[in-house]
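Remarks on the overall topology
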There are 2 protein chains.
Amino acid sequence: MTNGTKPATIADVAARAGVSVPTVSRVLTGAARVSPAKRELVEAAIAELHYRPSAAARVLVSRKAQVIAVIAGDTSRYGYAEAIRGIEEDARAAGYTVMITVVETADDDEVDRAISATLTQPLAGAVVLKFDAPGVAALSRLPADVPVVALSGVRDTAVPQAVLDETRAAEELTDYLLGLGHPTVHHVRIPPSRREDGRTTGWRRALRKADAAIPPTFDSTWDPRDAVDVGTQIAKDPAVTAVFCGNDEIAMGVIRGIADAGLRVPEDVSVVGFDNHPLSGLWSPPLTTAEQDFAGLGRRGLQLLLKEIDGEESKRYSSERPPLVIRSSAAAPNPQRVSAAASGHVAESA
Amino acid sequence: MTNGTKPATIADVAARAGVSVPTVSRVLTGAARVSPAKRELVEAAIAELHYRPSAAARVLVSRKAQVIAVIAGDTSRYGYAEAIRGIEEDARAAGYTVMITVVETADDDEVDRAISATLTQPLAGAVVLKFDAPGVAALSRLPADVPVVALSGVRDTAVPQAVLDETRAAEELTDYLLGLGHPTVHHVRIPPSRREDGRTTGWRRALRKADAAIPPTFDSTWDPRDAVDVGTQIAKDPAVTAVFCGNDEIAMGVIRGIADAGLRVPEDVSVVGFDNHPLSGLWSPPLTTAEQDFAGLGRRGLQLLLKEIDGEESKRYSSERPPLVIRSSAAAPNPQRVSAAASGHVAESA
DNA sequence: CTGAAAGCGCTAACAG
DNA sequence: CTGTTAGCGCTTTCAG
């Protein structure tokens with residue numbers, strides 16, 4: 001099916017234009033001056049031959065790659081997809097191309113297998129989405145000689161990183177719930193990237209600061225459908241009056257479960273999410289959450305990487321504090337439920 | 001930052017192992033037999049030197065690329081992100097690496113600019129997500145010599161393609177609504193990829209088949225928040241008893257708008273979506289929709305591409321029919337509303 | 001300003 | 001089975 005015509009080479013262009021190969025190279029790269037006359041000839045030849053320089057050959061000799069690898073645990077999850085979009089946009093603007101590598105597990109051998117193909121490519125640098133365990137593992141397996149930046153929710157690694165301060169935002173969100181009058185706040189965790197996520201840490205910190213009880217956490221997968229069960233479970237426990245969920249999708253699942261159990265949000269239980277997912281404002285009730293600008297995070301990360309590639313040592317961190325988005329899924333606690341919890345009775349408002 | 005150690009080359013490995021360069025190449029590629037003794041020596045040297053073959057050099061001489069480009073109009077939209085995930089998984093399994101190229105507009109010059117960087121890379125092939133105008137444009141700008149497959153909702157192009165038969169599914173969904181007793185079905189379009197999308201065509205076909213009136217369509221952007229306005233607008237028109245939305249996210253926005261206007265779904269107006277978005281089952285009411293296996297579509301597309309790369313001419317199409325997912329956002333029409341519409345009065349059930 | 005010459009790191013013939 | 005000899009398509013000296 002591919003027609004036999006071999007793509008034109010720089011030599012073909014040179015011959016067509018009646019100049020030497022290096023001259024063509026010079027108009028291509030702009031590395032040196034070329035007389036307007038020859039430049040025109042070359043440009044004409046390039047157009048006529050539909051010539052495209054071979055990146056492989058170019059990289060081989062110039063040792064300058066134009067590919068940036070993005071290493072992520074999943075490409076389809078909301079925050080990741082957004083971050084990738086941000087990275088790609090800025091990378092394209094800077095003349096780079098983006099290569100995607102998915103690392104599914106945190107197992108060292110698996111990670112090595114996944115990234116090895118990518119590493120043989122001539123890479124200018126890599127951006128690692130370090131929000132989950134595979135990301136953390138990938139970061140540790142990357143050779144020291146490739147410029148890298150991590151995108152994260154917590155400032156922690158030695159490599160340059162762009163962060164969205166989750167700890168701070170989670171703390172504020174919990175403060176907000178406490179300020180509404182809730183005796184304490186329960187927490188549904190997303191699968192953690194390390195021993196403990198920034199979201200969980202911030203929640204714990206707020207509780208400690210307020211001298212509130214620190215209840216055991218609920219765990220959820222990334223699938224919001226699994227969070228529905230957590231919600232029904234929560235509805236059964238009268239001690240729960242406020243819930244901070246690890247992300248909006250989980251919050252939606254939890255709210256669904258609570259509603260299925262016959263309780264109302266926020267009248268009986270307050271629920272807040274995290275991320276400000278595009279659908280969170282359309283949910284009933286509209287979700288109170290913390291805005292996470294993932295696309296912006298990706299862009300900030302890429303800028304950091306670009307500096308690193310250029311050998312600039314300056315800024316190694318770029319941090320941003322996610323603003324709270326107050327909508328209506330959280331309210332003051334239901335006095336009935338609070339007293340029922342205190343007396344140990346199960347109150348079913350169904 | 002990067003330490004000065006240059007990466008080991010095949011020559012370094014050969015020297016370290018005490019063999020010739022081609023012998024190292026042979027153990028690397030497995031192209032020819034190498035005595036166990038030398039093979040071991042070479043493998044040891046590779047390990048000690050942390051040697052990684054340069055893909056650039058390899059491609060330059062072998063003319064076999066290991067990169068597959070995915071060209072899409074947006075990487076973060078649900079269906080696209082899922083398709084990319086499917087492509088990436090299978091590509092990785094087949095030893096390929098995936099490069100992402102985003103094409104934001106359908107303007108030829110813009111498209112050329114976006115894909116030119118990618119095309120200079122040594123590409124084994126390309127997968128084009130042809131669900132929107134930029135995708136369609138990109139497909140037309142690709143040189144004839146790169147193996148390509150399109151992912152689409154309608155079987156139409158000359159290039160091999162994997163399709164999810166949207167027309168058929170949209171028709172069935174509309175049939176279903178009609179079967180519930182609705183006099184006709186209104187339609188909110190997603191931004192179309194061509195003159196008319198398969199989703200719209202299927203809807204029109206079902207209406208025509210049933211001899212139902214074909215009302216003018218509503219248009220929406222990809223942002224579900226914009227669909228809220230469409231919903232409030234719909235609520236004002238008593239003639240609307242059933243709405244088929246171009247995708248689930250738009251349906252969610254429309255439902256929100258209808259609810260904001262004081263009407264109920266499905267009691268006053270039935271609304272169905274398309275795609276079976278992960279949150280659609282958790283929505284209130286749970287969305288009736290058509291399942292779209294985007295990740296599977298991506299995988300089918302990649303398999304087609306792999307065959308094409310290998311020069312197999314066999315199958316050029318892979319089509320699948322999305323099954324309906326009946327939940328509860330659609331029901332029989334509200335008799336009151338229907339008669340009000342017939343008499344030209346505006347019925348506000350608020 | 002421009003051409004000739006020399007490789008970048010690797011694989012593809014070809015002898016042995 | 002293994003080493004030698006040629007390049008792949010490009011950029012980079014280095015003379016002119």
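What counts, and where the lines are drawn
Numbering of residues starts from 1 in each chain and follows the order in which that chain's sequence is written. To label them, take the chains in the order written and letter them from A, then take the ligands in the order written and number them from 1. Note on the predicted model: pLDDT of at least 70 is required for a residue's local features to be given, and 80 or more for side-chain atom pairs to be given and counted; whole-chain, interface and lining totals, by contrast, use all residues. Heavy atoms from the whole structure form the basis of all side-chain values; hydrogens and water molecules are not counted. Only heavy atoms matter for contacts: two residues are in contact if any of them lie within 4.5 Å across the pair. By definition, a salt bridge exists where a carboxyl oxygen of Asp or Glu is found within 4 Å of a side-chain nitrogen of Lys or Arg. Two N or O atoms form a polar contact when they lie within 3.5 Å of each other; inside protein one atom must be a possible hydrogen donor and the other a possible acceptor, and for residues adjacent in sequence the pair counts only when both atoms belong to side chains. For the purposes of this entry, the term helix denotes a DSSP run of H or I that reaches at least four residues, the term strand denotes a run of E that reaches at least two, and both are numbered from the N terminus. Here, strands pair whenever DSSP counts at least two bridges between them. Fitted lines through C-alpha atoms give the axes, limited to the stretch in contact for helices. The angle between two N-to-C directions lies from 0 to 180 degrees. Exposure classes here rest on a 1.4 Å probe applied to the protein chains alone. A residue is buried below 20% of its type maximum, exposed above 50%, and partly exposed in between. Looking down the strands as they point away from the viewer, one classifies a crossover as right-handed if the path from the first strand across the helix to the second runs clockwise. Copy-to-copy alignment: least squares on C-alpha atoms, limited to residues at pLDDT 70 or above in both. Residues are counted as near a molecule or strand when any one of their heavy atoms sits within 4 Å of it. Three residue categories are used. Nonpolar comprises Ala, Val, Leu, Ile, Met, Phe, Trp, Tyr, Cys and Pro, charged comprises Asp, Glu, Lys and Arg, and polar comprises the others, including Gly. Any angle from 65 to 115 degrees is called roughly perpendicular, while one under 35 is roughly parallel, one over 145 is roughly antiparallel, and all others are oblique. Each domain span listed reflects an automatic or database assignment of domains. Computed over the protein atoms alone on a 1 Å grid, cavities are sets of points where a 1.4 Å probe fits but cannot get out and pockets are open sets with protein on both sides within 12 Å along at least five of seven lines; a residue lines them when it has an atom within 4 Å of a point. Grid points are joined across faces, edges and corners, and a volume is the space filled by probe spheres set on the points.

Some points on the interface of chain A and chain B
Across the contact, 53 residues belong to chain A and 52 residues belong to chain B. Between chain A and chain B we count 2 salt bridges in total. A salt bridge links B:Glu104 to A:Arg92, with the shortest nitrogen-to-oxygen separation between them at 3.7 Å. Remark: the boundary between chain A and chain B carries 15 residue pairs in polar contact (both at pLDDT 80 or more). Elements that contribute at least two residues to the side of chain A that touches chain B include exactly α4 (55-62), α5 (78-93), β2 (97-102), α6 (108-120), α10 (224-236) and α11 (248-260) of chain A.

With respect to the sheet that holds strand β1 (residues 67-72) of chain A
Strand pairing in a sheet relies on backbone hydrogen bonds. The paired strands run either parallel or antiparallel. Strand order in this open sheet of 12 strands is β11(A)-β5(A)-β4(A)-β3(A)-β1(A)-β2(A)-β2(B)-β1(B)-β3(B)-β4(B)-β5(B)-β11(B), and the pairing throughout is mixed. Here the strands that pair on one side only, and so sit at the sheet edges, are β11 (317-320) of chain A together with β11 (317-320) of chain B. The sheet shows a mean angle of 20° between the axes of neighbouring strands, taken without regard to direction. Here β1(A) runs beside β2(A); their pairing, made up of 6 bridges, is parallel. What sits directly across from A:Val70, in β2(A), is A:Ile100. Sheet strands in contact with helix α7 (residues 133-141) of chain B are β1 (67-72), β3 (123-129) and β4 (148-152) of chain B, and its direction is about 150° off that of β3(B).

Digging into the pairing of β4(B)
Residue and element names in this part refer to chain B. Burial analysis of β4 places 5 of its 5 residues in the buried class, which makes it a mostly covered element. Side chains Val 148, Ala 150 and Ser 152 of β4 all project onto a buried face; the interleaved residues Val 149 and Leu 151 project onto the opposite face, where all are buried too. Chirality of the crossover, the property in question, places the unit of β3, α7 and β4 among those that are right-handed. Taken together, the 3 bridges between β4 and strand β5 (residues 161-164) define a ladder with parallel strand orientation. Note on β5: the bridge partner recorded for Ala 150 is Gln 161.

Quick word on the relation of the copies chain A and chain B
Put simply, the second copy of the chain is the first one after a rotation about an axis and a shift along it. Note on the copies: chain A fits chain B at an RMSD of 0.2 Å, the axial shift is 0.0 Å, and the rotation between them is 180°. Given the turn and translation reported, the copies of this chain are related as if by a two-fold rotation axis. The fraction of interface residues of chain A whose copies in chain B are also interface residues reaches 98%, indicating that both copies meet through the same surface.

Things to note about the protein's contact with DNA strand D
Taken together, 24 residues are adjacent to DNA strand D, and A:Ile10, A:Tyr51, B:Arg26, B:Arg33 and B:Arg63 come closest. For DNA strand D, the backbone makes up 66% of the atoms found within 4 Å of the protein, where backbone means sugar plus phosphate. A distance of 2.8 Å separates a phosphate oxygen of DNA strand D from a polar side-chain atom of B:Thr23. At 2.6 Å from a phosphate oxygen of DNA strand D is found a side-chain nitrogen or oxygen belonging to B:Ser35. Secondary structure elements with two or more residues in the surface near DNA strand D: α2 (21-29) and α4 of chain A together with α2 (21-29) and α4 (55-62) of chain B. Here the residues of the surface near DNA strand D are counted per class, giving 12 nonpolar, 7 polar and 5 charged.

Things to note about the packing of helix α6 (residues 108-120) of chain B against α7(B)
All names here are of chain B. Taken N-terminus to C-terminus, the directions of α6 and α7 make an angle of 70°; their axes are 10 Å apart at the nearest point. Compared by their axis directions, α6 and α7 come out roughly perpendicular. Within the contact between the two elements, α6 uses Asp 108, Val 111, Asp 112 and Ile 115 and α7 uses Ala 137, Ala 138 and Arg 141. Of the residues contributing to the contact of α6 with α7, the split by class is 4 nonpolar, no polar and 3 charged.

Comments concerning the pattern of salt bridges
All chains considered together, the criterion is met by 56 salt bridges over all chains. Residue A:Arg256 is joined to A:Asp260 by a salt bridge in which the shortest nitrogen-to-oxygen separation is 3.3 Å. One end of the pair is A:Arg256 and the other is A:Asp260, both in helix α11 and 4 residues apart, which spans about a single turn. The exposure class assigned to A:Arg256 is buried, which follows from its relative accessible area of 16%. B:Asp156 is paired through a salt bridge with B:Lys130; the nearest N and O atoms lie 3.3 Å apart. Note that B:Asp156 is positioned in the loop between β4 and β5 and B:Lys130 in the loop between β3 and α7, a separation of 26 residues in sequence. Each of the salt bridges in this network shares a partner with another, and the network as a whole consists of A:Arg168, A:Glu171, A:Glu172, A:Asp175, A:Arg205, A:Lys209 and A:Arg321.

Digging into the domain arrangement of chain A
Reports often express the size of an interface as the amount of accessible area lost when the parts come together. Domain annotation of chain A identifies domain 1 (1-64) and domain 2 (166-292 + 324-345). For domain 1 of chain A and domain 2 of chain A, the distance between their C-alpha centres works out to 61 Å.

Brief notes about empty space enclosed by the protein
Residue and element names in this part refer to chain B. Under the definition given, this model contains 6 cavities of 30 Å³ or more. The space that makes up the largest cavity amounts to roughly 210 Å³. Looking at the largest cavity, it is lined by 20 residues, and the ones nearest its centre are Tyr 80, Phe 131, Ile 190, Arg 199 and Trp 222. Here the element with the most residues in the lining of the largest cavity is helix α5 (residues 78-93); it accounts for 3 residues. Taken together, the residues of the lining of the largest cavity sort by class into 7 nonpolar, 5 polar and 8 charged.

Overview of the sheet that holds strand β6 (residues 186-189) of chain B
All names here are of chain B. Taken in spatial order, the 4 strands line up as β7-β6-β8-β9 in an open sheet, and their pairing is parallel. This sheet does not close on itself; its edge strands, each paired only once, are β7 (218-219) and β9 (270-272). As judged from the 3 bridges shared by strand β8 (residues 242-245) and β9, these two strands associate in the parallel manner. Note on β9: the bridge partner recorded for Val 243 is Val 271. Along the sheet, helix α9 (residues 198-209) contacts β6 and β8; its crossing angle with β6, the most-contacted strand, is approximately 170°.

Description of the protein's contact with DNA strand C
Surrounding DNA strand C, one finds 25 residues, the nearest of these being A:Arg26, A:Arg33, A:Arg63, B:Ile10 and B:Tyr51. At a separation of 3.1 Å, a phosphate oxygen of DNA strand C approaches a polar side-chain atom of A:Lys38. The backbone of B:Ala57 places a nitrogen or oxygen atom 3.5 Å from a base nitrogen of DNA strand C. Taken together, the elements giving at least two residues each to the surface near DNA strand C come down to α2 and α4 of chain A together with α2 and α4 of chain B. For the surface near DNA strand C, the element with the highest residue contribution is α2(B), accounting for 5 residues. Grouping the constituent residues of the surface near DNA strand C by class yields 12 nonpolar, 7 polar and 6 charged.

What to know about the side chain of A:Thr184
Residue and element names in this part refer to chain A. With respect to the helices, strands and loops of the structure, Thr 184 is situated in the loop between α8 (166-179) and β6 (186-189). By relative accessible area, Thr 184 is classed as buried at 10%. A polar contact is formed between the side chain of Thr 184 and the backbone oxygen of Ala 213, at a distance of 2.6 Å. Discounting residues that sit within four places of it in the chain, Thr 184 has contacts with Leu 178, Leu 207, Ala 212, Ala 213, Pro 215, Thr 241 and Ala 242.

Here we look at the side chain of A:Glu88
By the element assignment, A:Glu88 lies in helix α5. Setting aside its immediate chain neighbours within four residues, A:Glu88 contacts A:Val98, B:Ile100, B:Thr101 and B:Val102.

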